[in-house]
Amino acid sequence: MPQTLFPKLSSPQTPSLTPSLTLSLTQSLIGAGLLLAALAAPLQSQAQEATLNIYSARHYPTDEALYGNFTKSTGIKINRVDADDAGILARLKAEGSASPADVILLVDAARLVKGENDGLFAPVKSAALQAAIPAQYHAKTVDGGVAWFGFSTRARVVVYDKARVNRDDVDTYEELGDAKNKGRLCIRSGSHPYNLSLFGAVMEHLGDKATEDWLKGMVANMARAPKGGDTDQIRAVASGECAVAVTNTYYLARLMRSTSAEDKAVVEKIGVVFPNQNTWGTHVNIAGGAMAKYAKNNANAIKFLEYLASPSAQEHFANGNNEWPVAKGVSLSNPALQAMTGGNFKSETIPISAVGANQIKVQQMLDRVGFR
Ligand code: FE
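Residues numbered from 1 in each chain as written. Predicted model: local features only at pLDDT ≥ 70, side-chain atom pairs only at ≥ 80, totals over all residues. Heavy atoms only, no water.

Peer 1: Help me out: how do you make sense of the coordination of the iron ion in this one?
Peer 2: When a metal carries six donors in an octahedron, the ideal angles between them are 90 or 180 degrees, while four donors in a tetrahedron ideally lie at 109.5 degrees. The protein atoms that coordinate the iron ion are His59 (NE2), Tyr194 (OH), Tyr250 (OH) and Tyr251 (OH), at distances of 1.8 to 2.3 Å. Angles of 88 to 140 degrees at the metal separate the four donor atoms of the iron ion, which places the site in the irregular class. Classification of tyrosine 251 as buried rests on a relative accessible area of 7%. (Donors = N, O, S within 2.8 Å, 3.2 Å for Na, K, Ca; no water. Tetrahedral: all angles 85-135°; square planar, octahedral: opposite > 155°, others 65-115°. Buried < 20%, exposed > 50% of the residue type's maximum accessible area, 1.4 Å probe, protein only.)

In structure tokens form, the structure reads like this:
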């Protein structure tokens, strides 16, 4: 079953075996064929091949440079398995102590907290990471160890058809559920982590009853049933199928920086609003990483996590994938993000743990109101 969760292997999944691992596994696990292959391989390359196994929910082609630069500067070869956050957590649970995973990369703060709570991560003790990542972007420090670190952020914003929609009618999340926006809304599945986290945050502000009414209002306002990803919603606003949509900022920035005429035409038609600037602030999510509980290549895992906080990797998050870097002293130089915000914006300050804790209730509400 785990294999079907992970159809997309970016590199051979079988981790290379170090000599010590080979010896310890010889009696119990390795079949004759594998053993012969290991013996046939040049001894020197066996001894020196440093590897790192990453399970990643980052689904961005531009990240190839991020991994490539790490390998280039350290000689550590990366084996990567790509899947979504939920699939990765399920796989880690199923694999238990046999898991080859060293590093876990997720793109939703609530899932990072879930992985921590489920005991799937090994606390990392790293003075460099503690110094680089501000406390609000990492798990609580326990006995000097930290379960996960955020490395970048993205805001969940509203885009609208400039010709059909008055900006003032969509400058709060609450208004997305207001009858004045009937027939206008496009949004991806309510159960997607990006939406579960947004709705879980809104629940902290509005309380249970008002949140369920709000979700019901959004269902009533939908121009079509939820389908596709965030970019599809933006395109649907430009095509006129809907007039208002919800998206993560990096998808919008990608379109804004695109050189294709089609994308330029899309961007021309839409406006963007960072919701709730006059109240609690725009919802911001975190992408981050952790060391797997049963990591075998611990030193390489920590080296990689420290690399993600380095200026060059942070610069990649900013300009490669249009996210906000979080490491101290790293300044943003992304023209699309700067244009989008006008320089700065107010983000909400709900604790991530509260957002995560609300998600079961949110999912039950989505089921009740028919938000697919
Ligand atoms: Fe995404």
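Peer 1: Would you explain the pattern of salt bridges in this entry?
Peer 2: Pairing between side chains of opposite charge can happen when their charged atoms approach one another. Going through the model one piece at a time under the given rule, you end up with 17 salt bridges. A salt bridge links lysine 180 to glutamate 175; the shortest N-O distance between them is 2.7 Å. Residue class for glutamate 175 comes out buried when judged on its relative accessible area of 12%. One continuous salt-bridge network, built from bridges that share partners, spans Arg58, Asp63, Arg154 and Glu323. (Salt bridge = Lys/Arg side-chain N within 4 Å of Asp/Glu carboxyl O.)

Peer 1: Sorry if this is basic, but what is going on with the packing of aromatic side chains here?
Peer 2: Any aromatic ring pair is given by two values, namely how distant the centres are and how the planes are angled relative to each other. Across all of its chains, the model carries ten aromatic pairs by this definition. Centre to centre, the rings of tyrosine 67 and phenylalanine 304 are 6.2 Å apart; their planes meet at 10 degrees, and the pair counts as stacked. One end of the pair, tyrosine 67, is in helix α5 (residues 64–74); the other, phenylalanine 304, is in helix α14 (residues 298–308), and 237 residues separate them in sequence. When sorted by exposure, tyrosine 67 lands in the same class as phenylalanine 304, which is buried. (Phe/Tyr/Trp six-rings, centres within 6.5 Å; stacked < 30°, edge-to-face > 60°. Helix = DSSP H or I, 4+ residues; strand = E, 2+ residues; numbered from the N terminus.)

Peer 1: Is there a simple way to explain the layout of surface pockets in this structure?
Peer 2: Rolled over the atoms, a probe with the dimensions of a water molecule shows which regions are left empty. For the largest pocket, the calculated volume is near 830 Å³. Residue lining of the largest pocket: 36 residues in total, with Gln136, Tyr137, Ile286, Glu348 and Ile352 positioned closest to the centre. Mapped by element, the contributors of at least two residues to the lining of the largest pocket are α7 (109–117), β11 (284–292), β12 (324–325), α16 (335–341) and α17 (352–357). Looking at which element gives the most residues to the lining of the largest pocket, the answer is α7, with five residues. (1 Å grid on protein atoms, 1.4 Å probe; cavity = no way out; pocket = protein on both sides within 12 Å on 5 of 7 lines; lining within 4 Å. Points joined across faces, edges and corners; volume = space filled by probe spheres on them.)

Peer 1: What should I look at first to understand the environment of glutamate 64 in this one?
Peer 2: Positionally, glutamate 64 belongs in helix α5. Judged by relative accessible area, which is 46%, glutamate 64 ranks as partly exposed.

Peer 1: Mind showing me how you'd approach unusual backbone geometry here?
Peer 2: Of all residues except glycine, most have a negative phi; of all peptide bonds, most are trans. Although it is not a glycine, aspartate 143 sits at a positive phi angle of roughly 50 degrees. With respect to the helices, strands and loops of the structure, aspartate 143 is situated in the loop between β5 (141–142) and β6 (145–146). For aspartate 143, a relative accessible area of 71% translates into the label exposed. The backbone phi angle of asparagine 322 is positive, close to 60 degrees, even though this residue is not glycine. Residue position: asparagine 322 is located in the loop between α15 (311–319) and β12.

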